[in-house]
Amino acid sequence: MTSTAWIEKADKYIMKTYGRYPLVPVKGEGCYLWDADGKKYLDFLAGVAVNNLGHCHPKVTAALASQAAELIHCSNYYHIPQQIELAELLCGLSFADKAFFCNSGAEANEAAIKLARKYSRENYGLDRYEIITAISSFHGRTMATVSATGQEKVQKFFDPLLHGFRHVPFNDAKALREAIGPCTCAIMLEPIQGEGGVVVPDASYFQEVRQLCNEQNLILIFDEVQVGMGRTGKMFAHEHFGITPDIMTLAKALAGGAPIGTMLATDKLAEAFTPGTHGSTFGGNPLVTAAGVATIRAIMEEGILNHTEEIGEYLMGELEALKHKFPGLIKEVRGIGLMIGVELSIPGGDIVKTALSRGLLLNCAQEKVLRFVPPLIVGKKEVDEMLATFTGILQEL
Ligand SMILES: *Cc1c(COP(=O)(O)O)cnc(C)c1O
């Protein structure tokens, strides 16, 4: 079937929750996608920072295929070896002692919110329930995570929202300090805001946030759903800031494209989740956790973190050069590793559409920020190919 035929059928049967581009990808390999008509695309979106190892990485594909033939699903009533292995890897790589598995970023944040509230109520009193988050944050689309998200556009029409969230400006420790009250139990932040337009805070901000949490017995939750798993050149983005949280959530890139989420915590906090307090039917089933184990091993074995740092510096440098070439169009280039935002002086939607027609997948977060989140395996050749197309588009503006 042609792309046009698929799009006509989608119009009839699929709810219109997304402003979709007229593209029907049917095959992927490395940094490239092919559509239903056989046209090839260079993918600098990577499924929104999901396909960090590129499309159909042979180790992830093999793990999924062999696990699918062995056991796809059982139940969390039983012990699941692949889940246990993935938890051991994640705890070994981070501050965390224990993992809870679910199926998405929003669900991981739901678990974090529930754990923070239960732990705080049990240890500091029944009135401790409030969670402070940042303006322009993004934490998901469920009711609790929509309430946590600091953007009106995702909340409109869905109130009453969940009670107990307060939003403060990001990268402003003073505002945070002033917002803390007797009901506050936790602070939930993205180390780098993704949907908010690739906003990197000062290192001193997180030092202060950590100190505030220590002083006032508040739980620090990092939402690393987008920036975790090597995206910034470190396994977890908070490693750049020299502090650790008490809870961390991961999802997008954790299992090479298989749907998964996890909430990691210290033993002290994890004890609040006793049998029956939280759960998920599919959470961490054998299929997705086998993919997760293969993904983490590939990141380690293939030197992906160092590569991300190096190629990220190259791409940032080239984008900086473009900024000097087009000072009227590009206002700022920012980011770490391969989590890069280019703030424009004009809306970026048309650039994304033109790029698509020329076989390049880009993305616009917020109205004027182009977000570059290619697979971490991207090479200099693909970066140069992207830059040639992108420069051509800028020249025509
Ligand atoms: C994508 C994202 C989420 C939501 O993840 P889903 O898997 O879509 O539920 C939450 N937090 C951040 C920072 C994200 O980027």
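Residues numbered from 1 in each chain as written. Predicted model: local features only at pLDDT ≥ 70, side-chain atom pairs only at ≥ 80, totals over all residues. Heavy atoms only, no water.

(A) Local environment of the layout of surface pockets. Volume-wise, the second largest pocket comes out at about 870 Å³. Along its surface, the second largest pocket is lined by 28 residues, and Asn76, Gln83, Ala99, Phe100 and His278 are the ones closest to its centre. Within the residue set of the lining of the second largest pocket, elements represented by two or more residues are α4 (81-93), β4 (98-102) and β10 (261-265). Considering only residue class, the lining of the second largest pocket consists of 14 nonpolar, 12 polar and two charged. (1 Å grid on protein atoms, 1.4 Å probe; cavity = no way out; pocket = protein on both sides within 12 Å on 5 of 7 lines; lining within 4 Å. Points joined across faces, edges and corners; volume = space filled by probe spheres on them. Helix = DSSP H or I, 4+ residues; strand = E, 2+ residues; numbered from the N terminus. Nonpolar A, V, L, I, M, F, W, Y, C, P; charged D, E, K, R; others polar.)

(B) Representation of the pattern of salt bridges. The tally for this structure, following the rule as stated, stands at 17 salt bridges. Salt-bridge contacts for Lys59 lead to Glu301; the nearest nitrogen and oxygen are separated by 3.0 Å. One end of the pair, Lys59, is in helix α3 (residues 58-70); the other, Glu301, is in helix α11 (residues 286-301), with 242 residues separating them in the sequence. Connected through shared salt-bridge partners, Lys331, Glu332, Arg334 and Glu343 make up one network. (Salt bridge = Lys/Arg side-chain N within 4 Å of Asp/Glu carboxyl O.)

(C) Up close: a nonpolar patch on the surface. Taken together, the side chains of Met1, Trp6 and Ile7 define a hydrophobic patch exposed on the protein surface, amounting to about 300 Å² of accessible area. With respect to the helices and strands, the residue Trp6 is situated in helix α1 (residues 3-13). Take Trp6: its relative accessible area is 39%, and that puts it in the partly exposed class. (Patch = residues over 30% accessible without salt bridge, like charges linked within 9 Å, V, L, I, M, F, W, Y side chains within 5 Å. Areas by Shrake-Rupley, 256 points an atom, 1.4 Å probe, with all protein chains shown as cover. Buried < 20%, exposed > 50% of the residue type's maximum accessible area, 1.4 Å probe, protein only.)

(D) Summary view of the site of the ligand. Contacts to the ligand come from Ser104, Gly105, Ala106, Asn109, Phe138, His139, Gly140, Glu190, Asp223, Val225, Gln226 and Lys252. Between an oxygen atom of the ligand and a side-chain N or O atom of Gln226, the distance comes to 2.7 Å. For the ligand, an oxygen atom lies 2.6 Å from a polar atom in the side chain of Lys252. For the ligand, the protein covers 81% of the area, taking 380 Å² as the surface of the free molecule. Tallying contributions element by element places helix α5 (residues 105-124) first for the shell around the ligand, with three residues. (Near = heavy atom within 4 Å. Polar contact = N/O pair within 3.5 Å; in protein donor to acceptor, adjacent residues only side chain to side chain.)

(E) Region of the structure containing unusual backbone geometry. Going from Asp159 to Pro160, the amide bond is cis rather than trans, its omega being 5°. With respect to the helices and strands, Pro160 occurs in the loop between α7 (152-155) and β6 (165-168). Within the chain, Val198 stands out as a residue other than glycine whose phi angle is a positive 50°. If you trace the backbone, Val198 turns up in the loop between β7 (184-189) and α9 (203-215). Overall, the relative accessible area of 0% leaves Val198 in the buried class. Of note, Asn217 is a non-glycine position whose phi angle comes to about 50°, a positive value. By secondary structure assignment, the location of Asn217 is in the loop between α9 and β8 (219-223). The exposure class assigned to Asn217 is partly exposed, which follows from its relative accessible area of 40%.

(F) Just the packing of helix α12 (residues 304-325) against helix α14 (residues 380-396), in detail. The contact between α12 and α14 brings their axes to 11 Å, and the two run at 15°. Judged by the angle between their axes, α12 and α14 are roughly parallel. Crossing hand, α12 versus α14: right-handed. In this structure, α12 uses Ile311, Tyr314, Leu315, Glu318, Leu319, Leu322 and Lys325 to contact α14, whose residues at the interface are Lys380, Val383, Asp384, Met386, Leu387, Phe390, Thr391, Leu394 and Gln395. (Axes fitted to C-alpha atoms, helices over the stretch in contact; angles between N-to-C directions. Parallel < 35°, antiparallel > 145°, perpendicular 65-115°, else oblique. Left-handed = near helix turned anticlockwise from the far one by under 90°. Contact = heavy atoms within 4.5 Å.)

(G) The packing of aromatic side chains, seen in detail. Summed over the entire model, instances satisfying the criterion amount to seven aromatic pairs. Note on Phe372 and Phe390: the rings are 5.6 Å apart at their centroids and 65° apart in plane angle, and the pair reads as edge-to-face. On the criterion of sequence distance, the pair formed by Phe372 in strand β15 (residues 369-372) and Phe390 in helix α14 is long-range, its members being 18 residues apart. Residues Phe372 and Phe390 agree in their burial class; the two are buried. Taken together through their ring pairs, the aromatic side chains of Phe170, Tyr205, Phe206, Phe222 and Phe241 make up a single cluster. Positioned over the ring face of Tyr32 is Lys40, at 4.3 Å from the centre of the ring. (Phe/Tyr/Trp six-rings, centres within 6.5 Å; stacked < 30°, edge-to-face > 60°. Lys NZ or Arg CZ within 6 Å of the ring centre and 35° of its normal.)

(H) Geometry of the sheet that holds β4. Taken in spatial order, the seven strands make up an open sheet running β4-β10-β9-β8-β7-β5-β6, and their pairing is mixed. The sheet is open, and its two borders are formed by β4 and β6, each paired with just one other strand. Across the sheet, the axes of successive neighbouring strands diverge by a mean angle of 20°, strand direction being ignored. (Pairing = 2+ DSSP bridges.)

(I) Highlighting the environment of Glu110. Tracing the backbone through its elements, the reader meets Glu110 in helix α5. Residues contacting Glu110, with those up to four places away along its chain left out, are Thr142, Met143, Ala144 and Thr145.

(J) Region of the structure containing the sheet that holds β15. Strand order across the open sheet formed by four strands is β11-β12-β15-β14, with antiparallel pairing between neighbours. The sheet terminates laterally at β11 (330-336) and β14 (363-365), the two strands that pair on one side only. Taken pair by pair, the neighbouring strands of this sheet meet at an average axis angle of 30°, ignoring direction. Where strand β12 (residues 339-344) and β15 come together, four bridges link them in antiparallel fashion. In the sheet register, Gly341 faces β15, and the bridge partner there is Arg371.

(K) Examining empty space enclosed by the protein more closely. Counting across every chain of the model gives one cavity of 30 Å³ or more. In this structure, the largest cavity encloses a volume near 30 Å³. For the largest cavity, the full set of lining residues is Glu190, Ile192, Gln193, Gly194, Asp223, Glu224, Val225, Gln226 and Val227. When its residues are assigned to classes, the lining of the largest cavity shows three nonpolar, three polar and three charged.

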